[in-house]
Amino acid sequence: MTTPVLQVRDLEVHYGLRRKRRQALHGVTLDVSAGETVGLIGETGSGKSTLARAVLGLVPTSGGRILIEGEDVTDHRQRQWRRLRRRGVVQYVFQDPLRSLDPDLTVEESLAEPLLIQGVSRREAGVRARTLLDRVHLSADLLPKVPGEISGGQRQRVAVARALVTEPRLIVLDEPVSALDSANRVQVLEILKELRDDGVALVFISHDLGSVAGIADRIAVLYQGELVEVGAAAAVINEPQHPYTRLLVSSAPTLRDASATRAEREELRALLSA
Ligand code: ADP
Ligand code: MG
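Residues numbered from 1 in each chain as written. Chains lettered and ligands numbered in written order. Predicted model: local features only at pLDDT ≥ 70, side-chain atom pairs only at ≥ 80, totals over all residues. Heavy atoms only, no water.

The name given to the protein chain in an unreviewed UniProt entry is ABC transporter domain-containing protein, with Nocardioides conyzicola as the source organism. Per UniProt, the protein chain carries the Sequence similarities (unreviewed entry) text "Belongs to the ABC transporter superfamily." (UniProt positions renumbered as here; feature names shortened; annotations may be inferred.)

The structure is reproduced here in structure tokens:
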């Protein structure tokens, strides 16, 4: 078997110091392989973004290991993380594309910048920028525009194109479709499926099981900083094992077998708060 692109082992993350110290992740273990999409779900505050940030070297870990393409990066210093991020093996897309895109750069400049830094010629960078736009199903007409001049859905697709510039092996997407309307959501999900088919490993984070259900090969459920369930997407949706997963499934109205009654949902809530 080939080494998974991402291996997370017994990961612990704490925030704050002394009396304010709070544990955000408890012993999280998860693998993501090339060409695989893992949907990470859980309610707000369950630690999803913390896990994303840890994998990108943006929050310090207090226990466990993180391996990227087999390389143990857990004890990397900031400088080494920066170098790793610049190499672009791991990329990220946030909910708000304005956080991943510089508002003053045109689409062309945003896409070309990482290439120019790598020493690619301006001409070649322009050609690659067009190819990338094509890959996210956007027209080259957008190249001279700044993020403020294009729609939210187009912006998020430009953010995905920008993540692709360095040909990453892993992309962490934190709520990438949560701010989009349903038409744009479908388009972005379609693009992500194509990337997955091209062999990119994806971690797709959402508080909404419905968005993840159509794209994830496996689903991981985070509850209060702990992974309470990980399994094939169909199994997690149709035969959820943990009470919290059952609650998520029953409150996602678009999922087929999500026909729990209100009474059942209340029962599950009571069970969880016990
Ligand atoms: P999610 O993305 O699932 O909503 P987060 O990872 O953002 O969850 O947050 C997990 C927990 O860690 C929450 O209790 C949150 O309040 C806390 N937390 C997140 N970021 C910080 C931070 N920078 N400092 C202190 N606590 C934080
Ligand atoms: Mg979050």
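Structure shown, so let's carry the discussion forward.
Student: If you had to explain the pairing of strand S10 (residues 226-232) to someone new, which residues and values would you point to?
Tutor: The side chains of a regular strand alternate, residue by residue, between the two faces of the sheet. The sheet contact formed by strand S9 (residues 218-223) and S10 spans six bridges and is antiparallel. Counted as the bridge partner of Arg 218 is Ala 232 from S10. Counting the residues between successive antiparallel strands, the hairpin from S9 to S10 contains two residues, one of them, Gln 224, with a positive phi of roughly 50 degrees. (Pairing = 2+ DSSP bridges. Helix = DSSP H or I, 4+ residues; strand = E, 2+ residues; numbered from the N terminus.)

Student: So what's going on with the site of ligand 1? Residues and values would help.
Tutor: Residues in close proximity to ligand 1 include Tyr 15, Arg 22, Ala 24, Glu 43, Thr 44, Gly 45, Ser 46, Gly 47, Lys 48, Ser 49, Thr 50 and Arg 53, which together make up its full environment. Between ligand 1 and the protein, one listed contact pairs an oxygen atom with a side-chain N or O atom of Ser 49 at 2.8 Å. Protein burial of ligand 1: of its 560 Å² of free accessible surface, 61% is covered by the chains. No other element matches helix H1 (residues 48-55), which puts four residues into the shell around ligand 1. The residue inventory of the shell around ligand 1, partitioned by class, reads two nonpolar, six polar and four charged. (Near = heavy atom within 4 Å. Polar contact = N/O pair within 3.5 Å; in protein donor to acceptor, adjacent residues only side chain to side chain. Areas by Shrake-Rupley, 256 points an atom, 1.4 Å probe, with all protein chains shown as cover. Nonpolar A, V, L, I, M, F, W, Y, C, P; charged D, E, K, R; others polar.)

Student: Hey, could you go over the UniProt feature "domain: ABC transporter" (unreviewed entry) in the protein chain for me, with residue numbers and the actual values?
Tutor: Under the UniProt annotation, the feature "domain: ABC transporter" (unreviewed entry) is placed at residues 8-249. The distance from the first to the last C-alpha atom of residues 8-249 is 25 Å, and the span holds 39% helix and 25% strand.

Student: Go over unusual backbone geometry, please, and point to the residues and values.
Tutor: With a phi close to 50 degrees, Asp 10 is a non-glycine residue in the positive phi region. Under the relative-accessibility criterion, Asp 10 is labelled partly exposed at 48%. We note that His 137 has phi near 60 degrees; this positive angle belongs to a residue other than glycine. Here His 137 shows up in the loop between helix H5 (122-135) and helix H6 (152-164). (Buried < 20%, exposed > 50% of the residue type's maximum accessible area, 1.4 Å probe, protein only.)

Student: Lay out a positive patch on the surface with the relevant residues and their values.
Tutor: A contiguous patch of positive charge, built from Arg 77, Arg 79, Arg 82, Arg 83, Arg 86 and Arg 87, is present on the exposed surface. Tracing the backbone shows Arg 79 in helix H2 (residues 78-87). Looking at Arg 79, the relative accessible area reads 54%, which means it is exposed. (Patch = residues over 30% accessible without salt bridge, like charges linked within 9 Å, V, L, I, M, F, W, Y side chains within 5 Å. Salt bridge = Lys/Arg side-chain N within 4 Å of Asp/Glu carboxyl O. Lys, Arg positive; Asp, Glu negative; His and termini not counted. Charge placed at Lys NZ, Arg CZ, Asp CG, Glu CD.)

Student: Let's hear about the sheet that holds strand S1 (residues 6-15): which residues, and what values?
Tutor: The four strands lie next to each other as S2-S1-S4-S5, forming an open sheet whose pairing is antiparallel. A strand with exactly one partner marks an edge of an open sheet, and here the two such strands are strand S2 (22-32) and strand S5 (71-72). Examined bridge by bridge, S1 and strand S4 (residues 63-68) share five bridges and lie antiparallel to one another. By the bridge assignment for S4, Arg 9 is matched with Arg 65. The sheet contacts of H1 involve S1, S2 and S4, and relative to S1 the element is tilted by about 115 degrees. (Contact = heavy atoms within 4.5 Å. Axes fitted to C-alpha atoms, helices over the stretch in contact; angles between N-to-C directions.)

Student: How would you explain empty space enclosed by the protein if you had to name every residue and give the values?
Tutor: Counting across every chain of the model gives one cavity of 30 Å³ or more. Reported here for the largest cavity is a volume of approximately 70 Å³. Lining the largest cavity, in full, are Leu 6, Val 8, Leu 30, Leu 40, Leu 51, Ala 52, Val 55, Val 172, Val 203 and Ile 205. At the level of secondary structure, the elements contributing two or more residues to the lining of the largest cavity comprise S1, H1 and strand S8 (201-206). Counting residues per element, the lining of the largest cavity draws most heavily on H1, which supplies three residues. (1 Å grid on protein atoms, 1.4 Å probe; cavity = no way out; pocket = protein on both sides within 12 Å on 5 of 7 lines; lining within 4 Å. Points joined across faces, edges and corners; volume = space filled by probe spheres on them.)

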